[in-house]
Amino acid sequence: MADMTSGGSGLSAATGTIHRHYRQLLMTRRLYSLLAVAGLAVVLVFALLFANNASSGKFLDRLPYLFDFIKNFVPDDPFEIVRAMFDLPSPYADGSFKYDYEVGRHYLFGTGFYIPEYFYEMLVTLNIAFASTLIGGLFAFLFCFVAASNLGVAAPLRWLMRRLLELMRAFPEIVLAGMLAAVLSLGPIAAIFAVSVHTVGALGKMFFEVVENADMKPDDGLRAVGANWFERVRFAIVPQVMPNFVSYFLLRTEINVRASTIIGAVGGGGIGEVFRQSIGRDHAAKTYAIVILLFLTIVAIDQLSGWLRRRLVGNAAFQFGA
Amino acid sequence: MSAIALTAADRTRLRKMHPELFAPGLFKRWGGLMLLAGALAYLVYCWSFFEVGPKLAEGKWERASVYMADWISWEAQPRYRFQPDGTLEIEHQRFSPLGENPDPDWMTALPGGREEVTFGDQSNRIEIATTGVIAVLGGVPYDIAFADEAAILPADAPAAMSEKNGRVTVDYGFAGSAEIRATQVLVRRRFLGWENFWFDTTSPFWGMGLPELWTSVTTGPQISPDQSNLSLAWNEFLTNSEWQHGDVLNKLLQTIVMAFVGTLFAATLAFPLAFIAARNVTNSRPANWLTKRFFDFTRSVDMLIWALVFTRGFGPGPLAGIAAIFVTDTGTFGKLYSEAIENIDDKQREGVRSVGASAADVNRFGVVPQIAPVVISQTLYFWEANIRGATIIGAVGAGGIGLKLLEAMRTNQDWENVAYMVLLILIVVFIFDNLSAALRSRLIGPTVH
């Protein structure tokens, strides 16, 4: 890959000129790349210094002790984690919250059968995620045809719909949840509202991009036989875009499971909230039980949805960010 | 063109030839409808699981409109106390947005010791005297008299006037309301806008219009002996006690820094690791497997868990947020990059190898040019997403504007501050969306969306 460094030697005058110009272009390009990298490095250094100053613990001071808090997170014995997960009584029980595993049981059918607390909270989180993906998906489906540019929707309406979707996507979820929480009190309903609104925005954008990439020949055919707008959308566009829609929908489900754990931690209820409490109070066994449960659930959901998506649209990578 | 006419024989023949078209399977015919019915049934189940009905009924919906109005408006609450000698004493709320000695034009003193408050125009006003109050609603005056320590609702009172426990409330809509008691009148006067947005009432620049401010910072007499008026004004702006511009901007910058540094570090670490994880580049099963499981692990442990773990480790602040984004996205980027590498066209590598290039050169010129568009667009997408996402992990203590938003909402008093921060976040998201789109189209061309 090395260039001929002895520029001009043994070359004709014309070739020499071309070679000289080539080298000039190369140098300019390299200079620009170097400047860009240097600029990025300077910004990075300032960003790091700023972040370090703004943090209550400084990076270099904290680094040797970063995982010291793990010392507080040694369970009394490994089976404590199992007991915490399945709400079994602990032999170490001393009346404190640390060992009150049985308290959270959710009894079904009298007193014989119960759902362990963390499984129940996981169910709450999953229901938040699924319900808001469904609600968001339904609205995104309705809105995307209005926002797409190839279906002859009036330009002002399309513009308005796109801005609305952008606003729904960018509006901070935590404020949406907080607005409803002020009226209703904190809890899953506020979380569902927040995640749903964000889902409408995020899915709506992906959906209308799929619609815009659809083949318009079936639409032409239906138009030729006098179909109205709804019939054209229903029979020409929907069958084409449905596999991609479902694929994006499943991807959103994965993302929303994570989103609803986070929004749970700031008051939306579910597994996020109990996790924040247990890690804040140094309840080792409970924390590990939740981490394991959450990890397994997320892996299971990812695998299931990945398998479904591969069946639907093959190996096409649909891994775009939120 | 003549119409197509089918004979009975043709029909049976077509039916025989394409049975799948004329008698589709049960799932094909009803599958969509079944899925929709299932989804609706699930939503009904969620309705009862989360007790949505009772919760909605319990909600304090009457407050919602006040909270929403607070986003874009503010309220002054002067109180007219009746003194024993028949005069009125005006008392403002503590830290009143009107400043120390307010004399707004909607509060006027009338002859005879009476006071007048107007709500927008002269046909909506209230005249206060210790002996009785006249409320003028839409040009029609109503007399409110006092008896037995209680205010009495006039007989012909419209719906905008109501009485409860001896207190008459006159509702002037958005402009405000007046609560009339036998001992005092409490006026709530609402105005559109954000009060004292630039300078708070204790600042020397408070109440100045733009031209006035301009003269003050350019040619006006120096207010503080040891700094210029411009720097004093900037200082006063940043330390505005109600709006806390300095703190809000600082927290906003923290959020941006978290997303930027976290994403950049994650991409930098994931890029070389992805080459180890890719089957077609690194020919070692254990190395592939180990790197891929590492990616799966960091990706699948939720960002919330990492955020809380690092908040415990570093203490609250943007370092925890950077670390959480870095660790989670290392896994995501690693997975995406290694899949991109595994999907490349092998011919370019063979070509580079066939001229005797070293292993590093084979990857540099045989692999990187092919995966660059995917790597750049994915990294930029996640950068955008992280700017939005960093708000919320901040709320659990990982630095940035999230916690400030949460605190502002918790009191239910500062919705105008929430509106201000939301506006700033939306502006930042908008700027960075466009920046990343511009970078993307500049680096890899406009075709890849």
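Residues numbered from 1 in each chain as written. Chains lettered and ligands numbered in written order. Predicted model: local features only at pLDDT ≥ 70, side-chain atom pairs only at ≥ 80, totals over all residues.

Re the confidence of the model for chain B
All names here are of chain B.
Alright, step 1. Looking at chain B as a whole, its pLDDT mean stands at 85, while 98% of the residues score no less than 70.
Alright, step 2. No element of chain B has a lower mean pLDDT than helix α2 (residues 19-22), at 78, and none a higher one than helix α8 (residues 245-277), at 93.
Alright, step 3. Interface confidence in the predicted complex, given as ipTM, is 0.85; pTM for the same model is 0.85. (pLDDT = per-residue confidence, 0-100. Helix = DSSP H or I, 4+ residues; strand = E, 2+ residues; numbered from the N terminus.)

A short note on the interface of chain A and chain B
Alright, step 1. Between chain A and chain B, the residue contacts involve 53 residues of the former and 62 residues of the latter.
Alright, step 2. Only α1 (13-54), α2 (59-62), α4 (117-147), α6 (173-184), α7 (188-212), α9 (229-268), α10 (271-280) and α11 (284-313) of chain A provide two or more residues apiece to the side of chain A that touches chain B.
Alright, step 3. For the side of chain A that touches chain B, the per-class residue count stands at 37 nonpolar, ten polar and six charged. (Contact = placed C-beta atoms within 7 Å. Nonpolar A, V, L, I, M, F, W, Y, C, P; charged D, E, K, R; others polar.)

Here's the deal with the sheet that holds strand β7 (residues 132-137) of chain B
Residue and element names in this part refer to chain B.
Alright, step 1. Taken in spatial order, the six strands line up as β4-β5-β6-β7-β8-β9 in an open sheet, and their pairing is antiparallel. Among the strands making up the open sheet, the edge pair consists of β4 (107-109) and β9 (150-152). Ignoring which end each strand starts from, the neighbouring axes of this sheet average 25 degrees apart.
Alright, step 2. Note: β7 against strand β8 (residues 140-147), six bridges, orientation antiparallel. Residue pairing across strands places Val136 opposite Pro141, the latter belonging to β8. (Pairing = 2+ DSSP bridges. Axes fitted to C-alpha atoms, helices over the stretch in contact; angles between N-to-C directions.)

So, the domain arrangement of chain B
Alright, step 1. Structurally, chain B comprises domain 1 (8-49), domain 2 (74-192) and domain 3 (245-444).
Alright, step 2. Taken over C-alpha atoms, the centre of domain 1 of chain B sits 43 Å from the centre of domain 3 of chain B. (Domains from an automatic or database assignment.)

A short note on the pairing of strand β11 (residues 167-171) of chain B
Residue and element names in this part refer to chain B.
Alright, step 1. Judged by which residues are buried, β11 turns out to be one-sided: Val168 and Val170 face inward and are buried, whereas Arg167, Thr169 and Asp171, on the alternate face, are not.
Alright, step 2. Relative to β11, strand β10 (residues 161-164) runs antiparallel, the two sharing four bridges. Its bridge partner lying in β11, Ser162 is registered against Thr169.
Alright, step 3. The antiparallel hairpin formed by β10 and β11 contains two residues in its connecting segment, where Asn165 sits at a positive phi of about 50 degrees.
Alright, step 4. Across four bridges, β11 lies against strand β12 (residues 176-180) in antiparallel orientation. Within β12, the position partnered with Thr169 by the bridge is Glu179.
Alright, step 5. Between β11 and β12, which follow one another and run antiparallel, lie four residues, and Gly173 among them has a positive phi close to 75 degrees. (Buried ≥ 20, exposed ≤ 12 C-beta atoms within 10 Å, placed from the backbone.)

A few points about the domain arrangement of chain A
Alright, step 1. Once the domains are mapped, chain A shows domain 1 (12-66) and domain 2 (117-313).
Alright, step 2. The C-alpha centroid of domain 2 of chain A is placed 38 Å from the C-alpha centroid of domain 1 of chain A.

Describing the packing of helix α10 (residues 303-314) of chain B against helix α11 (residues 318-342) of chain B
All names here are of chain B.
Alright, step 1. Two elements in contact, α10 and α11, have axes separated by 8 Å at closest approach and are oriented at 140 degrees. If you check the angle between α10 and α11, you find them oblique. Handedness of the α10/α11 crossing: right-handed. Each of Met303, Trp306, Ala307, Phe310, Thr311 and Phe314 in α10 lies in contact with α11, whose residues at this interface are Leu319, Ala320, Gly321, Ala323, Ala324, Val327 and Thr328. (Parallel < 35°, antiparallel > 145°, perpendicular 65-115°, else oblique. Left-handed = near helix turned anticlockwise from the far one by under 90°.)

Here's the deal with helix α9 (residues 285-300) of chain B
Helical geometry note: an α-helix holds 3.6 residues per turn, so side chains three or four residues apart project in the same direction.
Alright, step 1. Compared with the 22 Å implied by 1.5 Å per residue over 16 residues, the 22 Å span of α9(B) between its first and last C-alpha is a close match.
Alright, step 2. Summarising the contacts, the buried residues of α9(B) are in contact with α11 of chain A together with α8 and α11 of chain B. (Expected span 1.5 Å × (residues − 1).)

A closer look at the environment of Arg234(A)
Alright, step 1. Considering the arrangement of structural elements, one finds Arg234(A) in helix α9.
Alright, step 2. Considering only alpha carbons, one finds Arg234(A) and Val210(A), 24 residues apart in sequence, at a separation of 15 Å.

Some thoughts on the packing of α8(B) against helix α13 (residues 359-398) of chain B
Residue and element names in this part refer to chain B.
Alright, step 1. Where α8 meets α13, the axes come as close as 8 Å, and the angle between the chain directions of the two elements is 150 degrees. Viewed along their axes, α8 and α13 adopt a mutual orientation that is roughly antiparallel. For α8 against α13, the interelement crossing comes out right-handed. Residue-level inspection shows Thr255, Ile256, Met258, Ala259, Gly262, Thr263, Ala267 and Phe275 of α8 in contact with α13, the latter providing Asn363, Thr379, Phe382, Trp383, Asn386, Ile387, Ala390, Thr391 and Gly394.
Alright, step 2. Looking at the contact of α8 with α13 residue by residue, the class counts come to nine nonpolar, eight polar and no charged.

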